Amino acid sequence: MRQVVLGVLGGLALAGVGVFWWQGRAAIEKGAPPPALQPVRPDPMTLPVADPGHGTGPAPPELTERTREQQRFDRLDRNRDGFISRNEMLAPRTETFRKLDKDGDNLLTFEEWAVTTVDRFAQADKDKDGRLTRAEFAATAPKPPARKPACKC
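Report on the accompanying structure. Here, residues in each chain are numbered from 1, in the same order as that chain's written sequence. In keeping with the model being predicted, local features are shown solely for residues with a pLDDT of at least 70 and side-chain atom pairs are shown and tallied solely at 80 or more, while totals for entire chains, interfaces and linings include all residues. As a rule here, side-chain values cover all heavy atoms of the structure and leave hydrogens and water aside.

## Re the side chain of Thr116
For clarity, the cut-off: Numbering goes from the N terminus for both helices and strands, where a helix is a DSSP run of H or I of at least four residues and a strand is a run of E of at least two. Contacts are assigned to residue pairs with any non-hydrogen atoms lying within 4.5 Å of each other.
Its place among the elements puts Thr116 in helix α4 (residues 110-124). In this structure Thr116 touches Leu100 and Lys102, once residues within four positions along its chain are discounted.

In structure tokens form, the structure reads like this:
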């Protein structure tokens, strides 16, 4: 019997706290500030004023000297959290893997790798004598990536 009475009293206490909390919350919402006014759009036909007066803009960002390793790290750190995850490390290599995986089963067999290597060798061997000269071998070096123009002025 005592447990039932304590349960009822506890339920009433919780209900009372809930009512007071709800009323206090309603009072806070009534006193909320009005919504901010929407900015007025300038007339597109008016010309901007070229004289800034005495105002100054923000300082331009400073150029920092980043080492080659920092640049390489930043290229792989896609989400800019300061760490390179396994997926970020493997992402640039997936396209090359897909080219080597001829049957698309996500397994690179020796035969798939060998076919690609033999094809590259045959393409580099211009005189078809079964050997690569220094000049022929130099032609197999990867091409540097095409540089994009700095600006489109």
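Moving on from the coordinates now.
## Remarks on unusual backbone geometry
Phi at Arg80 is positive, roughly 55 degrees, even though this residue is not glycine. Examined against the element boundaries, Arg80 turns out to sit in the loop between α2 (68-76) and α3 (86-100). Within the chain, Lys128 stands out as a residue other than glycine whose phi angle is a positive 55 degrees. Relative to the helices and strands, Lys128 resides in the loop between α4 and α5 (134-138).

## Brief notes about a nonpolar patch on the surface
Filter applied, for reference: Residues qualify for a patch when their relative accessible area is over 30% and they have no salt bridge, like charges being joined within 9 Å and the nonpolar side chains of Val, Leu, Ile, Met, Phe, Trp and Tyr within 5 Å. Residue burial considers only the protein chains on display, and all accessible areas are found by Shrake-Rupley using a 1.4 Å probe. Just to be clear on terms, a salt bridge is a Lys or Arg side-chain nitrogen sitting within 4 Å of an Asp or Glu carboxyl oxygen. Think of it in three bands: with a 1.4 Å probe and only protein chains considered, a residue is buried below 20% of the maximum accessible area for its type, exposed above 50%, and partly exposed in between.
A surface patch of nonpolar side chains, amounting to about 760 Å² of accessible area, comprises Met1, Val4, Val5, Leu6, Val8, Leu9 and Leu12. Along the polypeptide, Met1 turns up in the segment before α1 (2-30). We classify Met1 as exposed; its relative accessible area is 80%.

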